[in-house]
There are 4 protein chains.
Amino acid sequence: MRLDETARGVFVIAPTPFTDTGALDEASTDRMVDGFLAAGASGLTILGIMGEAPKLDGAEALAFTARVLKRVAGRVPVIVGVSSPGFASMKALAAGAMDAGAAGVMIAPPAGLRGDDAVVGYIAQAAAVVGDAPYVLQDFPQATGTFMSVEMIRRMAEDPRLVMLKAEDWPGLDKLSALRRLTAEGRMRRISILGGNGGQFLPEELHRGADGIMTGYAFPEMLVQVCRLMAAGDRAAAHDAFDPHLPLIRTELQPGLGLAVRKYVLQRRGFIASAALRAPGPKLSAETQAEVEFLLERLGRGERG
Amino acid sequence: MRLDETARGVFVIAPTPFTDTGALDEASTDRMVDGFLAAGASGLTILGIMGEAPKLDGAEALAFTARVLKRVAGRVPVIVGVSSPGFASMKALAAGAMDAGAAGVMIAPPAGLRGDDAVVGYIAQAAAVVGDAPYVLQDFPQATGTFMSVEMIRRMAEDPRLVMLKAEDWPGLDKLSALRRLTAEGRMRRISILGGNGGQFLPEELHRGADGIMTGYAFPEMLVQVCRLMAAGDRAAAHDAFDPHLPLIRTELQPGLGLAVRKYVLQRRGFIASAALRAPGPKLSAETQAEVEFLLERLGRGERG
Amino acid sequence: MRLDETARGVFVIAPTPFTDTGALDEASTDRMVDGFLAAGASGLTILGIMGEAPKLDGAEALAFTARVLKRVAGRVPVIVGVSSPGFASMKALAAGAMDAGAAGVMIAPPAGLRGDDAVVGYIAQAAAVVGDAPYVLQDFPQATGTFMSVEMIRRMAEDPRLVMLKAEDWPGLDKLSALRRLTAEGRMRRISILGGNGGQFLPEELHRGADGIMTGYAFPEMLVQVCRLMAAGDRAAAHDAFDPHLPLIRTELQPGLGLAVRKYVLQRRGFIASAALRAPGPKLSAETQAEVEFLLERLGRGERG
Amino acid sequence: MRLDETARGVFVIAPTPFTDTGALDEASTDRMVDGFLAAGASGLTILGIMGEAPKLDGAEALAFTARVLKRVAGRVPVIVGVSSPGFASMKALAAGAMDAGAAGVMIAPPAGLRGDDAVVGYIAQAAAVVGDAPYVLQDFPQATGTFMSVEMIRRMAEDPRLVMLKAEDWPGLDKLSALRRLTAEGRMRRISILGGNGGQFLPEELHRGADGIMTGYAFPEMLVQVCRLMAAGDRAAAHDAFDPHLPLIRTELQPGLGLAVRKYVLQRRGFIASAALRAPGPKLSAETQAEVEFLLERLGRGERG
């Protein structure tokens, strides 16, 4: 299974489950995979920024990839984040992941590139490095510090192996519209565009032409439902399904703290055994835990209503 | 009326109304002031980051301040943002504002200060510059690039003229708790703490011990209601009042675009005649306008329901 | 006298002289102007980043401009920095300066512009704002945070009023060569290019095709001499004249501290009465003063030798 | 041999030699080690920022470390940079390096830490992670984005395993003086302080109390000579030895380009076989190569003189 431009739906950004002592937790990996697929995920993405990838060494990254791919067993495509300071590591991970059955890889430009051409050039180099793998371009300037304009993305999309954009610039909705407009006008190849940003603009992203979303929000079944309702043309119902989750989405989006919130919720839901991040990483205060519990309770009430 | 540590409630961050051609709009200034007071504002803050202060020259800043103060006519305290690259300008604006009847001034540390002591030292210098005015310390590292720790704020609060903290670090809730804990333990003078950040964590901020909020969200009456419900101990009702606004709050929080959204809504509500920002500034796309309209309609439905 | 593409030589970035209490020092302004012209300056630039422009209000900026222009009395062109957060202030200062006899204005893009097109668009807007004034584009990403590629500069240079580039990207020599190559190939209009960066690469900049330099290094007569020697084809002599100054240039280039060093040297040389910067600003430690004195003494020895 | 507070002299920051195709070049590693020791190095530092450490995987880092240590064979202490996004990798590399005979490790705080206490806390955590290894604290905010004040360094130096500071803040001379003053006043433990920053302030650093320098400037024998002359009290001779190298030091200091210049010079001098950086990395233009050759020729002339 190779990723292509027709990909759509909810690609769940999977965290990397660790034990309380920081070891890779294989049992939780399996359970988490099962949970995301049961929630309706159209695909999985691993070793992204929220996957604590820089804290894994090369062997661990490949071992985790293999474990996920084995458990998924071809049911959905799996995308592997391969961003790395050096192309040698990027190449090793991309080759290993594709050999093990990944559907594609994800690349984000690093910080410090100077000007549009430098960014476009970097991605072209990285595309060569990952061999013949289809790839996702991650547009996430809040984390990478590197902006990519509509015109830059159009240029990069001339490479047929760039099959998907993870669109999480902020603000990013007008950019999404502009990209779709280029395609409608025949000036840009149609690629898959998935939103991101923790899902905080999911209904709007779909309304603007996104094919789905790639995020790790801890209730992927809601994301699936919103995609379904928007596809069915029921925008009001989509917002009605979405809005009750916005307080928790907002809480998960806090920079530096969000992944700890997300893992806490996934642990509470039984997806993973430990909410631990690898050191160095934040821990939730008792007050924050209580607030998350309060929001979960409100969500439960809403869902039962 | 001088601002002091007992200040509480909703201090509305007022934008600076311009005509479509960029002139100060005095009629809208009056109307906006009336609207905010009718909504239940406990105070107003002008010439903050969202007041486009750096785009006004010194004479305009004083003229706008005078106009607001005249219209408020002592009904609520007015705080004037005086942050400036030079102390000479800061001094002139602070003196002029206090002479005209302002209740206090607001100061944010600039970018580029190196280390805790440099920040604390800067604020001490600025406090000397603003003469005997009570002042609000703005803690907004997303905009200023300058972090202030709990310990730094504790030290700065030894100055009795620092009467209020505008707490909008992100994440900032544990910091708010830590500050209140210091006061409870007798290790920090009690000052007024108002939340910020567009209101996106208002219920949590109040639960953590904030005395209210200082933000420019375009529906201040909801902020007032949430403060009232939390003060009455009805946390669930506060969240019920808050949650329907979160989609619009999220839309107003988009960096670089948020003020244009806010002014659009204030214009739609009749507070100001033009949604124009002074150049250079963003304009709302037709798509974004339609999304805001959609959210406004949903809000209206919710309020009528 | 209007600035045009044929400008060459040493344009001295003049600081703004203040008294020890922070007032504009008119007598020092006159003396400094005389000193720079006696040193062989081909032009002056005022109210740049090193001119503490953001610490002046609009009236002061115009008063200082008028004083400089009166003293220069048409002997050399004077360029006035007009960068400002708002176009209204930029317009007022540009109009006032041109009315008073300035030869042109200087514009730098602000921080926070996203992507090449946003930068090019900003400069086009600013060019409209400054009316019919010839303008210098300042390329100084270390200070502005905004990168401009060769291609961007080529596009911007299609505007005939853009007559000069202040080229102080770092590293910037290959960029300078690339710009000159474009012109040699007939693909870019020839504009004046002056180097910058405190003069630390002056011989190389001239070798790469710069027409001179715009910097405020406190010994402009050396800069003039190096330009003369390079124009005469005596590269080795140019380096021989340049190298002894590099220790002091390096000391003046220290971020945040450099202007204080520069004003200290200008005071020591009798150009200005006080080395004071407007608050907030750094002061030289006794150790740094002693080091500067040591370097000045070595320079003196070298010059006498 | 374990690093301690008495370390002094020139610790050469060694690059990682690669072949033209990006493989570790073992023969060049040996030759380079011999060259640096012949130049009078008191120690070596490997896998620093200039060692392209993030482009090596864990196994390569350990292999390179072992090769260097074997070649050094105990003649001088070797420090190994172990900074890493995750503590697991840091621990593995530190343990492997110390087992193989390293004298100590070097740690820099990462970007994104918020406030003095967060930085001090991070270093305390890292110190625990590296076990019982003596460590060097790298103070290099231009690269890490993290400032460390005099007071922070004083606090961190309470840990007896922190034996050395690599002091390369910019500007940093007053900070160096302030640290030495604290020690003179009995308020801070005396640690070894080595300057950095490409050597551009070496005479001043020594004058301010540094015990030497840790940098990778391609002519370490000059650094050794300057240290010797300053130790002998001959400040003028030290500057005379230093000044002719400043043009090349300046050229090596260019951000993003400097390492390519440095490797070019080391190749020209016969220390390494290839000037190649691992991808992605810059290449020297023909013009830059010619400029470096010109500077080398001038240096040669000066040295013969």
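The model shown is predicted, which means the values in this text are computed figures rather than measured ones.

Counting residues at the interface gives 8 residues for chain C, matched by 8 residues for chain A. Summed over both sides, the interface of chain C with chain A buries roughly 720 Å², with 45% coming from carbon and sulfur. Linking chain C to chain A there are 2 salt bridges. Linking Asp169(A) and Arg114(C) is a salt bridge whose minimum nitrogen-to-oxygen distance equals 2.5 Å. At the junction of chain C and chain A, the tally comes to 3 residue pairs in polar contact (both at pLDDT 80 or more). Split by residue class, the side of chain C that touches chain A holds 4 nonpolar, 1 polar and 3 charged.

Between the two copies of the chain lies a relationship made up of a rotation around an axis and a movement along it. For the pair chain A and chain B, the best superposition has an RMSD of 0.0 Å and corresponds to a rotation of 180° with a translation of 0.0 Å parallel to the axis. The superposition operator between the copies reduces to a two-fold rotation axis. Minimal C-alpha distance to the rotation axis in chain A is attained by Leu246(A), lying at 3.6 Å.

What follows deals with the environment of Leu173(B). Within the secondary structure layout, Leu173(B) lies in helix H7 (residues 173–184). Separated by 28 residues in sequence, Leu173(B) and Phe201(B) have C-alpha atoms that sit 8.4 Å apart.

Now for helix H1 (residues 26–38) of chain C. Residue and element names in this part refer to chain C. With 13 residues, H1 extends 18 Å between its outermost C-alpha atoms, agreeing within 8% with the 18 Å of an ideal straight helix rising 1.5 Å per residue. Of all the residues in H1, the buried ones are Ser 28, Thr 29, Asp 30, Met 32, Val 33, Gly 35, Phe 36 and Leu 37. Buried positions along H1 lie against strand E1 (9–13), strand E2 (43–46), helix H2 (58–72), helix H9 (220–231) and helix H12 (258–268). Sitting at the amino-terminal end of H1 is Asp 25, which places a side-chain oxygen 3.2 Å from the backbone nitrogen of Ala 27. Looking at the residues trailing H1, positive phi occurs at Gly 40, about 105°.

All names here are of chain A. With parallel pairing, the 8 strands of this closed barrel are ordered in space as E1-E2-E3-E4-E5-E6-E7-E8. Along the sheet, successive strands turn relative to each other by an average axial angle of 25°, direction set aside. In terms of strand pairing, strand E1 (residues 9–13) meets strand E2 (residues 43–46) through 3 bridges, oriented parallel. Opposite Val 12, over in E2, you have Leu 44 as the bridge partner. Here helix H2 (residues 58–72) sits on the sheet and contacts E2 and strand E3 (78–81); the angle it forms with E2, its principal contact strand, is near 170°.

Turning our eyes to something else, we now look at the pattern of salt bridges. Residues and elements named next belong to chain A. Scanning all chains against the criterion turns up 116 salt bridges over all chains. The residue Asp 169 makes a salt bridge to Lys 175 at a minimum N-O spacing of 2.8 Å. Lys 175 shares its class with Asp 169; the two are buried. Each of Glu 26, Asp 30, Asp 34, Arg 67, Arg 71 and Arg 75 takes part in a single network of salt bridges with overlapping partners.

This part takes up the interface of chain A and chain B. Taken together, the 32 residues of chain A in the interface contact 32 residues of chain B. Across the chain A/chain B interface, buried area totals approximately 3,000 Å², and carbon plus sulfur atoms make up 53% of it. For the pair chain A and chain B, the interface holds 10 salt bridges. A salt bridge links Asp240(B) to Arg298(A); its shortest N-O distance comes to 2.8 Å. For the pair chain A and chain B, the interface holds 20 residue pairs in polar contact (both at pLDDT 80 or more). Those elements that provide at least two residues to the side of chain A that touches chain B are helix H7 (173–184), helix H10 (235–242), helix H11 (246–252) and helix H13 (286–304) of chain A. Here the side of chain A that touches chain B takes 7 residues from H13(A), the largest share from any one element. Of the residues contributing to the side of chain A that touches chain B, the split by class is 13 nonpolar, 7 polar and 12 charged.

Let's shift gears to the relation of the copies chain C and chain A. Mapping chain C onto chain A leaves a residual RMSD of 0.0 Å; the transformation is a rotation of 180° accompanied by 0.0 Å of translation along its axis. Mapped onto chain A, 100% of the interface residues of chain C are again interface residues, and the two copies thus contact each other with one and the same surface.

Below, the discussion takes up helix H2 (residues 58–72) of chain B. All names here are of chain B. For H2, built from 15 residues, the straight-helix expectation of 21 Å at 1.5 Å per residue is met to within 8% by its first-to-last C-alpha distance of 21 Å. Of all the residues in H2, the buried ones are Ala 61, Phe 64, Thr 65, Val 68, Leu 69 and Val 72. Projected onto a plane normal to the axis of H2, the buried residues spread over an arc of 130° and lie on a single side. For H2, the exposed residues set more than 90 degrees away from the buried face come down to Ala 59 and Lys 70. The inward-facing, buried residues of H2 contact helix H1 (26–38), strand E2 (43–46), strand E3 (78–81) and helix H3 (87–99). Immediately downstream of H2, the backbone of Ala 73 shows phi near 55°, a positive value.

Residues and elements named next belong to chain A. UniProt records the feature "binding site: pyruvate" (unreviewed entry) at Met 214, using the numbering of this structure. Position of Met 214 among the secondary structure elements: in strand E8 (residues 212–215). Residue Met 214 is classed as buried on the basis of its relative accessible area of 0%. In this structure, Met 214 is in contact with Phe 11, Ile 13, Thr 45, Ile 79, Met 106, Val 136, Met 164, Lys 166, Leu 194, Gly 195 and Gly 196, ignoring residues within four places of it in sequence.

Once that is clear, we can look at the side chain of Arg262(A). Residues and elements named next belong to chain A. With respect to the helices and strands, Arg 262 occurs in helix H12 (residues 258–268). The class of Arg 262 is buried, set by a relative accessible area of 6%. Of the polar contacts made by the side chain of Arg 262, one reaches the side chain of Glu 252; its length is 2.7 Å. Other than its neighbours up to four places away in sequence, Arg 262 contacts Met 50, Gly 198, Thr 215, Gly 216, Tyr 217, Ala 218 and Glu 252.

Let us look at the pairing of E2(A). Residues and elements named next belong to chain A. Of the two faces of E2, both are covered, the one formed by Gly 43 and Thr 45 as well as the one formed by Leu 44 and Ile 46. Sheet topology note: the E2/E3 ladder contains 3 bridges and is parallel. Residue Thr 45 lies in a different strand from E3, and its bridge partner there is Ile 79. Assessed by its sense of winding, the connection that carries the chain from E2 through H2 to E3 is right-handed.

Before going further, it helps to examine the packing of aromatic side chains. The full count for this structure, using the stated rule, is 14 aromatic pairs over all chains. Here the aromatic rings of Trp170(A) and Trp170(B) are separated by 6.1 Å at their centres, their planes lie at 45°, and the arrangement is tilted. With Trp170(A) in the loop between strand E6 (162–167) and H7 and Trp170(B) in the loop between strand E6 (162–167) and H7, the pair connects residues from two separate chains. Taken individually, Trp170(A) and Trp170(B) each receive the classification buried, so the pair is uniform in this respect. Both rings, one in Phe87(D) and one in Tyr122(D), keep their centres 5.4 Å apart while their planes meet at 35°; by these two values the pair is tilted. Remark: Tyr122(D) occurs in helix H4 (residues 116–129) and Phe87(D) occurs in helix H3 (residues 87–99); sequence separation between them is 35 residues. You'll find Phe87(D) and Tyr122(D) in the same group, each marked buried. The residue whose ring lies beneath Arg235(A) is Phe294(B), and the NZ or CZ to ring-centre distance is 3.7 Å.

Along the polypeptide, Ala236(B) turns up in helix H10 (residues 235–242). Sequence separation of Ala236(B) and Val105(B) is 131 residues, and the distance between their C-alpha atoms is 35 Å.

Residue and element names in this part refer to chain B. Between H3 and helix H4 (residues 116–129), the least distance of the axes is 9 Å, while the angle of their chain directions is 45°. The angle between H3 and H4 falls in the class oblique. Seen from H3, the contacting residues are Phe 87, Met 90 and Lys 91; seen from H4, they are Tyr 122, Gln 125, Ala 126 and Val 129. When grouped by side-chain class, the residues that make up the contact of H3 with H4 number 5 nonpolar, 1 polar and 1 charged.

This part is about the sheet that holds strand E1 (residues 9–13) of chain D. Residue and element names in this part refer to chain D. One closed barrel accounts for 8 strands, arranged E1-E2-E3-E4-E5-E6-E7-E8; its pairing is parallel. Mean inter-strand twist for the sheet, computed between neighbouring axes without regard to direction, equals 25°. Taken together, the 2 bridges between strand E7 (residues 192–195) and strand E8 (residues 212–215) define a ladder with parallel strand orientation. The residue of E8 that forms the bridge with Leu 194 is Gly 212.

Basis of the calculations
- Residues numbered from 1 in each chain as written.
- Chains lettered and ligands numbered in written order.
- Predicted model: local features only at pLDDT ≥ 70, side-chain atom pairs only at ≥ 80, totals over all residues.
- Heavy atoms only, no water.
- Contact = heavy atoms within 4.5 Å.
- Buried area = accessible area lost by both parts, 1.4 Å probe.
- Salt bridge = Lys/Arg side-chain N within 4 Å of Asp/Glu carboxyl O.
- Polar contact = N/O pair within 3.5 Å; in protein donor to acceptor, adjacent residues only side chain to side chain.
- Nonpolar A, V, L, I, M, F, W, Y, C, P; charged D, E, K, R; others polar.
- Least-squares fit on C-alpha atoms with pLDDT ≥ 70 in both.
- Helix = DSSP H or I, 4+ residues; strand = E, 2+ residues; numbered from the N terminus.
- Expected span 1.5 Å × (residues − 1).
- Buried < 20%, exposed > 50% of the residue type's maximum accessible area, 1.4 Å probe, protein only.
- Pairing = 2+ DSSP bridges.
- Axes fitted to C-alpha atoms, helices over the stretch in contact; angles between N-to-C directions.
- Arc of directions from axis to C-beta.
- UniProt positions renumbered as here; feature names shortened; annotations may be inferred.
- Right-handed = clockwise from strand over helix to strand, strands pointing away.
- Phe/Tyr/Trp six-rings, centres within 6.5 Å; stacked < 30°, edge-to-face > 60°.
- Lys NZ or Arg CZ within 6 Å of the ring centre and 35° of its normal.
- Parallel < 35°, antiparallel > 145°, perpendicular 65-115°, else oblique.

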